[in-house]
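# Structural features, examined
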Amino acid sequence: DTGVSQDPRHKITKRGQNVTFRCDPISEHNRLYWYRQTLGQGPEFLTYFQNEAQLEKSRLLSDRFSAERPKGSFSTLEIQRTEQGDSAMYLCASSRWGGNQPQHFGDGTRLSIL
Amino acid sequence: RKEVEQDPGPFNVPEGATVAFNCTYSNSASQSFFWYRQDCRKEPKLLMSVYSSGNEDGRFTAQLNRASQYISLLIRDSKLSDSATYLCVAHGEGTGNQFYFGTGTSLTVIP
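Okay, so let's go over this structure. Because the structure is predicted, anything quoted here is derived from the model rather than measured. (Residues numbered from 1 in each chain as written. Chains lettered and ligands numbered in written order. Predicted model: local features only at pLDDT ≥ 70, side-chain atom pairs only at ≥ 80, totals over all residues. Heavy atoms only, no water.)

## Notes on the state of the cysteines
All names here are of chain A. Taken as a whole and assessed by the stated rule, the structure comprises 2 disulfides over all chains. Here cysteine 23 pairs with cysteine 92 through a disulfide, and the sulfurs are 1.9 Å apart. On the sign convention where negative is left-handed, the bridge of cysteine 23 and cysteine 92, at about -70° about the S-S bond, is left-handed. Pair noted here: cysteine 23 is in strand S3 (residues 19–24) and cysteine 92 is in strand S9 (residues 88–95), with a separation of 69 residues, a long-range link. Judged by relative accessible area, cysteine 23 falls into the buried class, the value being 0%. (Disulfide = S-S within 2.5 Å. Helix = DSSP H or I, 4+ residues; strand = E, 2+ residues; numbered from the N terminus. Buried < 20%, exposed > 50% of the residue type's maximum accessible area, 1.4 Å probe, protein only.)

## Some details on the nonpolar core
Soluble globular proteins tend to pack their nonpolar side chains together in the buried interior. Ranked by size, the top nonpolar core spans 24 residues in total, and within it Phe21, Trp35, Ile71, Leu73, Ile75, Tyr86 and Leu107 of chain B carry the most contacts. At the level of elements, strand S3 (19–25), strand S4 (32–38), strand S5 (45–50), strand S7 (60–65), strand S8 (70–75), strand S9 (84–91) and strand S11 (105–110) of chain B are the ones that each hand at least two residues to this core. Within the second largest apolar cluster, 19 residues are counted, among which are Ile26, Trp34, Phe65 and Cys92 of chain A. (Core = buried A, V, L, I, M, F, W, Y, C linked by side-chain atoms within 4.5 Å.)

These results come straight from atomic positions and should not be treated as a statement about function.
In structure tokens:
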């Protein structure tokens, strides 16, 4: 069990640029989640996948945010035309399917918008 | 109203003290509950699941009261290493399979 891996760990970019983050879940986990966390707050749910199907995306913050998991393994989260308010920690988590299965988080990607 | 609410604290307690955190959830369809621990600028890590009958893991005891829709975490004999933020989480297939996190309760254990 190698854990959830996220890349990059840090991203600094100018406002208006597009950014893409990658998440590799624990290999036997078929559910994958994306969260945003800002200082002093708990993780805020964005979207999740079961295998390659994106089953919930209504919580994505705007149409500038999109996520994919094309083969049911790794996932990407893209933010287009970044704004300063997008600065946050973006966390990925994975879990097995089924009730009472906890999530396991990656180290996160810290995004800073200049 | 937030789906999960916690007292943000901070709680500052001496080593060896017992401290309790409470958390309430608003969606009665929630089925699974967890406590996570998060250290500063790190990812959340699972501390323990919370079962209806209550459960204990060493110095940590979790309780669930479905009728009142609250969850508690008790830490006995606090250690300096327990200093962290504790996040309460509610989850359920009936809630769109989302995990709802509280804002976290900050604990500092003082020597």
